[in-house]
Amino acid sequence: MPRILVTGAAGGIGTSLRKLLPPIYPDLLLSDINKPADLGKNEEFKTADLVDLAQVEAICEGVDGILHFGGYSIEGSWDQIHQANIIGCYNLFEAAYRKGVKRVIFASSNHAVGFYPRHHRIGTDVTARPDSRYGVSKVFGEALGALYADKHGLKVTCIRIGNFGEVPLDHRRLSIWLKPEDLVQLCRIGLENPDIHFEVFYGASYNERAWWDNHRAYDLGYRPTGRAEDFREHAFAEQAKLKSDPVGDFYQGGAFCSMEFDGDTGRIVDWKK
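Residues numbered from 1 in each chain as written. Predicted model: local features only at pLDDT ≥ 70, side-chain atom pairs only at ≥ 80, totals over all residues. Heavy atoms only, no water.

A.B. asks: I'd like a rundown of the pattern of salt bridges, residues and numbers included.
C.D. replies: Any two side chains of opposite charge can pair, on the condition that their charged atoms come close. Taken as a whole and judged by the stated rule, the model has 18 salt bridges. Here Glu142 and Arg160 are joined by a salt bridge, their closest N and O atoms 2.8 Å apart. With a gap of 18 residues between them, Glu142 in helix H4 (residues 133-152) and Arg160 in strand E6 (residues 155-161) connect regions that are remote in the sequence. With respect to burial, Glu142 and Arg160 carry one shared label: buried. A salt bridge links Glu238 to Lys241, with the shortest nitrogen-to-oxygen separation between them at 3.1 Å. Taking the relative accessible area as the measure of exposure, Lys241 reaches 63% and is therefore exposed. Connected via shared salt-bridge partners are Arg3, Asp27 and Glu44. (Salt bridge = Lys/Arg side-chain N within 4 Å of Asp/Glu carboxyl O. Helix = DSSP H or I, 4+ residues; strand = E, 2+ residues; numbered from the N terminus. Buried < 20%, exposed > 50% of the residue type's maximum accessible area, 1.4 Å probe, protein only.)

Structure (structure tokens):
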């Protein structure tokens with residue numbers, strides 16, 4: 001069985017993967033800058049700061065594949081994003097290359113393309129339109145993955161994660177919801193499918209309101225089990241509790257688009273006509 005490294009193991013997604021991955025990949029190494037408080041006695045963990053290349057090389061030693069979920073997971077200052085998501089991401093790919101890792105799954109985000117309007121259905125090959133500094137860092141990570149795939153032969157899969165969780169939380173998330181088990185399925189394709197060179201998938205379950213064309217993931221065997229419409233009533237009830245957000249409600253990136261926004265709101269009116 002391959003040895004798999006999971007970075008960001010103390011985060012929300014990492015915590016979920018710690019429960020779902022062991023039956024599939026028993027030889028699992030977990031890492032984060034901080035040790036998870038609920039770490040089990042059978043879980044192998046090594047602390048590493050992504051900003052320190054030597055520490056990242058140490059956790060990549062003897063590893064076959066990496067699930068890279070480490071980094072700063074929300075919008076932040078440029079310094080926060082730069083350290084964790086730019087320098088840290090470079091260190092991860094460089095360490096993987098130096099240590100002979102075969103495959104990397106990069107946790108990208110829908111925020112890499114968040115400034116597309118919701119009525120615009122997009123594929124994975126569109127021009128990046130990040131909605132935040134966080135989104136910019138995910139565009140960087142995808143570009144870096146392509147470089148290491150094409151120049152060094154690393155097999156890279158980027159997953160533009162939508163809304164990860166047990167249920168979609170509001171109207172927007174009915175379009176971008178990702179069931180935890182479906183994320184595992186996408187990761188397995190990236191780690192195991194023989195046809196992987198460099199791929200970008202959307203991290204979304206079977207969502208009838210989807211804004212994304214995810215056909216490439218389906219071509220490579222993806223069969224999601226989550227269906228967002230099963231939670232429609234819950235999502236609409238939660239949506240009713242939220243304040244109106246003209247900018248965020250128009251764009252796919254939601255509140256990431258409206259925070260700090262002082263652009264041309266006239267574009268929103270024109271596109272709605």
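A.B. asks: Describe helix H6 (residues 180-192), with residues and values.
C.D. replies: When the terminal C-alpha atoms of H6 are compared, their 18 Å separation across 13 residues agrees well with the 18 Å that a helix rising 1.5 Å per residue should span. If you check which residues of H6 are buried, you get Pro180, Asp182, Leu183, Val184, Leu186, Cys187, Ile189, Gly190 and Leu191. (Expected span 1.5 Å × (residues − 1).)

A.B. asks: Explain unusual backbone geometry residue by residue, including any values.
C.D. replies: One non-glycine residue, Glu260, lies in the positive phi region at around 65°. Within the element layout of this structure, Glu260 appears in the loop between helix H9 (255-258) and helix H10 (266-272). Exposure remark for Glu260: the relative accessible area of 58% places this residue in the exposed category.

A.B. asks: Explain helix H2 (residues 53-60) to me, using residue names and the numbers behind them.
C.D. replies: Within H2, the full set of buried residues consists of Val56, Glu57, Ile59 and Cys60. Seen from one end, H2 has its buried residues packed into an arc of 165°, which puts them on one side. Elements that come into contact with the buried residues of H2 comprise strand E1 (4-7), strand E2 (28-32), strand E3 (44-47), strand E4 (65-68) and helix H3 (78-98). If you check the start of H2, you find a side-chain oxygen 3.0 Å away from the backbone N of Ala54, and it comes from Asp52. Gly62 occupies a position one or two residues after H2 and carries a positive phi of about 75°. (Arc of directions from axis to C-beta. Contact = heavy atoms within 4.5 Å. Polar contact = N/O pair within 3.5 Å; in protein donor to acceptor, adjacent residues only side chain to side chain.)

A.B. asks: Report on the sheet that holds strand E5 (residues 103-109), specifying residues and quantitative values.
C.D. replies: Here seven strands make up an open sheet; going across it, the order is E3-E2-E1-E4-E5-E6-E9 and the pairing parallel. The sheet terminates laterally at E3 and strand E9 (198-203), the two strands that pair on one side only. Recorded for the sheet is a direction-independent mean angle of 20° between the axes of neighbouring strands. Bridge count for E1 against E2 is four bridges, and the pairing is parallel. Bridge pairing in E2 links Val6 to Leu30. (Pairing = 2+ DSSP bridges. Axes fitted to C-alpha atoms, helices over the stretch in contact; angles between N-to-C directions.)

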